[in-house]
Amino acid sequence: MKKDVLYIVVPCYNEQEVLPATTGSIVELLKKLVATDMVAEESRLLYVNDGSTDATWQLIEQHTQAHHEVCGVKLAGNVGHQNALLAGMETACEKADIIVTVDADLQDDISVIGQMIEKYQQGCDIVYGVRRERKSDTWFKRNTALAFYKLMRGLGVKSVYNHADYRLMSRRAVKQLLCYRERNLFLRGIVPLVGYKSDTVYYDRNPRLAGESKYPLGKMLGFAVDGITSFSIKPVRMVFTLGILFTLIALGILIYVLVAYFSGRTVSGWSSLILSIWFVGGCVLVGLGIVGEYIGKIYIEVKDRPRYNIEQKILQ
Ligand code: UDP
Ligand code: MG
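Figured I'd write up the structure that's included with this text. Given the structure is predicted, the values throughout are model-derived calculations rather than measurements. (Residues numbered from 1 in each chain as written. Chains lettered and ligands numbered in written order. Predicted model: local features only at pLDDT ≥ 70, side-chain atom pairs only at ≥ 80, totals over all residues. Heavy atoms only, no water.)

What follows concerns the coordination of the magnesium ion (ligand 2). Distances from the magnesium ion (ligand 2) to its protein donors, namely Asp105 (OD) and Gln107 (OE1), fall within the range 1.9 Å. By relative accessible area, Gln107 is classed as buried at 10%. (Donors = N, O, S within 2.8 Å, 3.2 Å for Na, K, Ca; no water. Buried < 20%, exposed > 50% of the residue type's maximum accessible area, 1.4 Å probe, protein only.)

As structure tokens, this is what we get:
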């Protein structure tokens, strides 16, 4: 039986502190997987240098010479974690049957890659790595992340709870993912849309090996906003609902104003003023909501996502 070729894609942005350890652990894992006949000998570790300003690329070059398992791709500038991942996956899928993406700091336990491959061999196209617990993260990071998953779900975005970008994908799943031509990339939201048979593998998340997080609070918030606005036009609908609500309040106030007016309990000018504020406010919001609805439609059109993904064909 022909064995599958595995590529482990690792994006790196200023990771010189962790790189030697990362190469060591992943190469060792690859050797083990090859020795136990899980994957083919041509399996590789593929680094994607995301425009690092430190010695990351020089280290990658050295490692490619020291180990035949290591390959590298150097991006011309910093394009961000998500785009770097995509660059790696696109490069890998020319050669690989199975592609695993994992962060350079090895916070995600690579020893479960074996389990991921088993699930792949049982017929899954996508295997998500899901964190069992987040003891090693700070209280703040843990809770903001959880709130974010909940918010996403509330807004109707399909995403896997407690899953970051540690996952296995088959070549055909990656090919299908590449058909999603959008620029605002939020892989965690798109991968479930690919829709092939998937499963999860659980692991414990470790603290960062060395160096600092490349996702400070500002970047994290930006990422969250991207995630929401790339997948949901619900915020626009909320504006519309708010407009309707304001108009209804205006109706209530109309009744109140009429009663007050006829019982002579008003200051001159008050009735028309208070009524206009609510009514005009309501109309403006309804108008914005309507315009927003159209912009939402345009937004979805320009993304040019595939309309369907075929999982299997039986033609005879
Ligand atoms: N990363 C990247 N480009 C960036 C920022 C981060 O390729 O602009 C990589 C980084 O090298 C790491 C991964 O994305 O491999 C995740 O970053 P990090 O571990 O700092 O994020 P955290 O785990 O703190 O959320
Ligand atoms: Mg990390």
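Around ligand 1, a shell composed of 19 residues is seen, among which Glu15, Asp50, Asp105, Ser213 and Lys214 lie nearest. One nitrogen or oxygen atom from the side chain of Gln107 is found 2.7 Å from an oxygen atom belonging to ligand 1. For ligand 1, the protein covers 95% of the area, taking 540 Å² as the surface of the free molecule. (Near = heavy atom within 4 Å. Polar contact = N/O pair within 3.5 Å; in protein donor to acceptor, adjacent residues only side chain to side chain. Areas by Shrake-Rupley, 256 points an atom, 1.4 Å probe, with all protein chains shown as cover.)

With 17 residues, helix H1 (residues 19-35) extends 24 Å between its outermost C-alpha atoms, agreeing within 8% with the 24 Å of an ideal straight helix rising 1.5 Å per residue. Here the buried face of H1 lies against strand S1 (6-12), strand S2 (44-49), helix H2 (56-66), strand S3 (70-74) and helix H4 (113-121). Asp37 sits one or two residues past H1 and shows a positive phi near 65°. (Helix = DSSP H or I, 4+ residues; strand = E, 2+ residues; numbered from the N terminus. Expected span 1.5 Å × (residues − 1). Contact = heavy atoms within 4.5 Å.)

As a further point, take the pairing of strand S4 (residues 98-101). Residues Ile98 and Val100 line one face of S4 and the alternating positions Ile99 and Thr101 line the opposite face, and both faces are buried. Bridge count between S1 and S4: four bridges; the pairing is parallel. Within the sheet, the bridge partner assigned to Val9 lies in S4 and is Thr101. Sheet analysis places S4 next to strand S6 (residues 163-170), joined by four bridges and oriented antiparallel. What sits directly across from Thr101, in S6, is Arg167. (Pairing = 2+ DSSP bridges.)

In this section: unusual backbone geometry. At Asn14, a position not held by glycine, the phi torsion is positive, near 50°. Tracing the backbone through its elements, the reader meets Asn14 in the loop between S1 and H1. Even without a glycine there, the phi angle at Asp37 is positive, about 65°. Here Asp37 is to be found in the loop between H1 and S2.

Interhelical geometry of helix H9 (residues 234-262) versus helix H10 (residues 270-303) gives an angle of 165° and a closest axis separation of 7 Å. One finds that H9 runs roughly antiparallel with respect to H10. Here the hand of the crossing between H9 and H10 comes out left-handed. Grouping the amino acids of the contact of H9 with H10 by side-chain chemistry returns 24 nonpolar, seven polar and three charged. (Axes fitted to C-alpha atoms, helices over the stretch in contact; angles between N-to-C directions. Parallel < 35°, antiparallel > 145°, perpendicular 65-115°, else oblique. Left-handed = near helix turned anticlockwise from the far one by under 90°. Nonpolar A, V, L, I, M, F, W, Y, C, P; charged D, E, K, R; others polar.)

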